[in-house]
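The residues making up each chain are set out below.
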Amino acid sequence: MTRTSIYDDSEIEAARQLAADAKTLMQLRQSQAILIPALTGASLETTAAILGLSRDRACVLRRQFRASGGQGLDAQEQRGGRRRELMSEQDEIKFLTPWSEKAQGGGVLVVPPIHAALEHAVGHKVPKSTVYRLLARHGWRKIAPDTRHPNVDVGAQELFKKTLPGRLPKQ
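Below, the structure is looked at part by part. (Residues numbered from 1 in each chain as written. Predicted model: local features only at pLDDT ≥ 70, side-chain atom pairs only at ≥ 80, totals over all residues. Heavy atoms only, no water.)

**Focus on the nonpolar core**
Core analysis: the biggest nonpolar cluster contains 12 residues, these being Met87, Phe95, Leu96, Trp99, Val111, Ile114, Leu118, Val122, Val126, Val131, Leu134 and Leu135. Going through the elements one at a time, helix H6 (89-104), helix H7 (111-122) and helix H8 (128-137) are the ones with two or more residues in this core. With four residues, H7 is the single largest residue contributor to this core. In this structure leucine 118 touches Met87, Phe95, Val126, Thr130, Val131 and Leu134, once residues within four positions along its chain are discounted. (Core = buried A, V, L, I, M, F, W, Y, C linked by side-chain atoms within 4.5 Å. Buried < 20%, exposed > 50% of the residue type's maximum accessible area, 1.4 Å probe, protein only. Helix = DSSP H or I, 4+ residues; strand = E, 2+ residues; numbered from the N terminus. Contact = heavy atoms within 4.5 Å.)

In structure tokens:
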């Protein structure tokens, strides 16, 4: 036997008002998740079937309606955002500023020092992938080094190429 929900008159009136003033489909469904069982005595499963949702989603809608104090939540207020961020975007920019200055000066940046500084800044260990995602989020990309060493002696290489075949035995 299913448990029957108890609704007070103020909650039903708030749901009616939300249904009349709903600007989004989510707000309308939240009000209906309250009104259908309150007015008809329908079970949660029946309410979910009427709304075209899963039983769990109908329960979540009712819980959100009650948590908002009968105002109903908009879908944009519920989803998205960086919920598990280590730093705000402004803090990330401030953290990357010294590294950015070093890169502007032509220095080569490697991840381990940035990783160590990030762990020190947040106060606990973080995976290296977090550093890579941080750098990607701020538009940093991996630039492969040149194929030649900056101190290469091209003349010595050419001379070596010219004299090499005489040293090797023929096959």
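On we go.
**Brief notes about the side chain of glutamate 119**
One can find glutamate 119 in helix H7. The charged side chain of glutamate 119 is buried without a salt bridge, its nearest counter-charge being lysine 125 at 4.7 Å. For glutamate 119, the contacting residues outside a window of four places in its chain are His124, Lys125 and Val126. (Lys, Arg positive; Asp, Glu negative; His and termini not counted. Salt bridge = Lys/Arg side-chain N within 4 Å of Asp/Glu carboxyl O.)

**Things to note about the packing of helix H2 (residues 25-40) against helix H4 (residues 55-67)**
The interhelical angle for the contact between H2 and H4, taken along N-to-C directions, is 100 degrees, at an axis separation of 9 Å. Here H2 lies roughly perpendicular to H4, going by the angle between them. Note on element contacts: H4 touches H2 through Arg57, Ala58, Leu61, Arg62, Gln64, Phe65 and Arg66, opposite Met26, Arg29, Gln30, Ala33, Ile34 and Pro37. For the contact of H2 with H4, the residue count by class is seven nonpolar, two polar and four charged. (Axes fitted to C-alpha atoms, helices over the stretch in contact; angles between N-to-C directions. Parallel < 35°, antiparallel > 145°, perpendicular 65-115°, else oblique. Nonpolar A, V, L, I, M, F, W, Y, C, P; charged D, E, K, R; others polar.)

**Observations regarding the pattern of salt bridges**
Per the counting criterion, the structure on display carries four salt bridges. For arginine 55, the salt bridge is made with glutamate 45, and the minimal N-O distance between the two is 2.9 Å. With arginine 55 in helix H4 and glutamate 45 in helix H3 (residues 44-51), this pair connects stretches of sequence that are 10 residues apart. Look at arginine 55 and you get partly exposed, because its relative accessible area is 43%. Residue class for glutamate 45 comes out partly exposed when judged on its relative accessible area of 39%. Note that glutamate 92 is salt-bridged to arginine 137, the shortest N-O span being 2.9 Å. On the criterion of sequence distance, the pair formed by glutamate 92 in helix H6 and arginine 137 in helix H8 is long-range, its members being 45 residues apart.

**Let's talk about the packing of H7 against H8**
For the pair H7 and H8, the least separation of the axes is 10 Å and the interaxial angle reads 100 degrees. Classified by the angle their axes make, H7 and H8 are roughly perpendicular. Residue-level contacts link Val111, Pro112, Ile114, His115 and Leu118 of H7 to Lys128, Thr130, Val131, Tyr132, Leu134 and Leu135 of H8. When the residues that make up the contact of H7 with H8 are grouped by side-chain class, the tally is eight nonpolar, two polar and one charged.

**Considering the environment of alanine 116**
As for its placement among the helices and strands, alanine 116 is situated in helix H7. When its relative accessible area of 43% is taken as the criterion, alanine 116 is described as partly exposed. Sequence separation between alanine 116 and lysine 128 is 12 residues; the distance between their C-alpha atoms is 9.5 Å.

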